[in-house]
Amino acid sequence: MRIDLHCHSKYSHDNYLEPRLLIQEAIEKKLDGVCFTEHYSLDASLPVEEITVPEGFHVFRGVEISTNLGHLLVYGLEDDTWNIWSRDNYLDCREVMERVIALGGICIPAHPFRGQNSFGDKISGIHQLDAIETHNGLNTHEANQKAVHFSRLKNIPSVGGSDCHNRGQVGTAYTEFKNPITTMKDCIREIKSGNCKGCHGSMKI
């Protein structure tokens, strides 16, 4: 299965992409699903659950959180009760991770070697990572290769997502799962088990 795990729509408030068009583009590109990871808030993407999709296509929701070390992709939360800080920028990364894990979610560094809003070499100080985003559709090839190298060096599962902010970017990177994914619990289980791999367009690295 091919799922774009890092998607932004108008609910991130930094673009005008309608969720329906994002989903339509993903279907046209033969993806099996997408995950809306709007900035700061899980609840922001709640409206996408009302969108009717074809049988066999899956829509998931996560959130991209801005921490003092870099951006985190978070999956497996139920709502925005994770945010006990009453703000949405530069949250303490370790506190956020502790909170998310306590709530049953997982945290994955987004575009870790992009530079701005990314972990960079600080990622080595973050332990017990469930995965790392090795393939990001907005990254340079060099930035993605650094993430791939880190994933292999540390034996950490890799995931991929387009980081799309417009329709044409949908599916430029995605995660390939070995087993069927129908729920977020499935997704988390397969990521933790390493039964997945980040891919960039039609080219695997």
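Quick look at the structure, then. (Residues numbered from 1 in each chain as written. Predicted model: local features only at pLDDT ≥ 70, side-chain atom pairs only at ≥ 80, totals over all residues. Heavy atoms only, no water.)

What to know about the overall build of the protein
Condition: Helix and strand definitions follow DSSP, with helices as H or I runs of at least four residues and strands as E runs of at least two, each counted in order from the N terminus. Radius of gyration here is computed from C-alpha atoms only, and the compact-globule reference equals 2.2 Å multiplied by the residue count raised to the power 0.38. Note on classification: 1.4 Å probe, protein chains only; a residue is buried when its accessible area is under 20% of the maximum for its type, exposed when over 50%, partly exposed between these limits. The contact rule is simple, with two residues in contact once any of their heavy atoms fall within 4.5 Å. For the accessible areas, the method is Shrake-Rupley and the probe is 1.4 Å, while residue cover comes only from the protein chains on display. Residues counted as positive are Lys and Arg, residues counted as negative are Asp and Glu, and His and the chain ends are not counted. Think of each charge as sitting on NZ of Lys, CZ of Arg, CG of Asp or CD of Glu.
A count of helices and strands for the protein gives 4 helices and 10 strands. Along its sequence from the N terminus, the protein presents helices and strands in the succession β-α-β-β-β-α-β-β-α-β-β-α-β-β. Whereas a compact globule of 205 residues would reach a radius of gyration of roughly 17 Å, the protein reaches 15 Å, a difference of no more than 12%. In terms of overall dimensions, the protein has C-alpha extents of about 40 × 40 × 30 Å along its principal axes. Classification of the 205 residues of the protein by burial places 55% in the buried group. For the protein, the share of sequence-separated contacts (at least 6 apart) that also reach a separation of at least 24 residues comes to 68%. Carbon together with sulfur atoms contributes 48% to the accessible area of the protein, which is approximately 9500 Å² in total. The centroid of the 21 positive side-chain charges in the protein is displaced by 6 Å from the centroid of its 27 negative side-chain charges.

Some remarks on the layout of surface pockets
Filter applied, for reference: The distinction between a cavity and a pocket rests on a 1 Å grid over the protein atoms alone: a 1.4 Å probe fits inside a cavity but cannot get out, while a pocket stays open yet meets protein on both sides within 12 Å along at least five of seven lines, and a residue with an atom within 4 Å of a point counts as lining. Grid points are joined across faces, edges and corners, and a volume is the space filled by probe spheres set on the points. Any residue outside Ala, Val, Leu, Ile, Met, Phe, Trp, Tyr, Cys, Pro, Asp, Glu, Lys and Arg is labelled polar, Gly included; the first ten of those are nonpolar and the last four are charged.
For the largest pocket, the calculated volume is near 270 Å³. Listed by contribution, the elements that provide at least two residues to the lining of the largest pocket are β3 (58-66) and α4 (184-193). Of the residues in the lining of the largest pocket, the class split is 6 nonpolar, 3 polar and 4 charged. Taken as a whole, the second largest pocket encloses approximately 210 Å³ of empty space. Considering the residues around the second largest pocket, the lining is formed by 14 residues, among which Ser-151, Arg-152, Ile-156, Pro-157 and Ser-158 are closest to the centre. Broken down by secondary-structure element, the contributors of at least two residues to the lining of the second largest pocket are β6 (132-136), α3 (141-154) and β9 (196-200). Residues of the lining of the second largest pocket, tallied by class, amount to 5 nonpolar, 7 polar and 2 charged.

As for the environment of Arg-87
Using the following cut-off: Whenever two N or O atoms come within 3.5 Å, that pair is a polar contact, provided that in protein one can donate a hydrogen and the other can accept it, and provided that, for residues adjacent in sequence, both atoms are side-chain atoms.
By the secondary structure assignment, Arg-87 is in the loop between β4 (71-75) and α2 (93-102). Sequence separation between Arg-87 and Tyr-40 is 47 residues, and the spatial gap between their C-alpha atoms is 8.9 Å. Looking at Arg-87, its side chain comes within polar contact range of the main-chain oxygen of Asn-89, at 2.6 Å.

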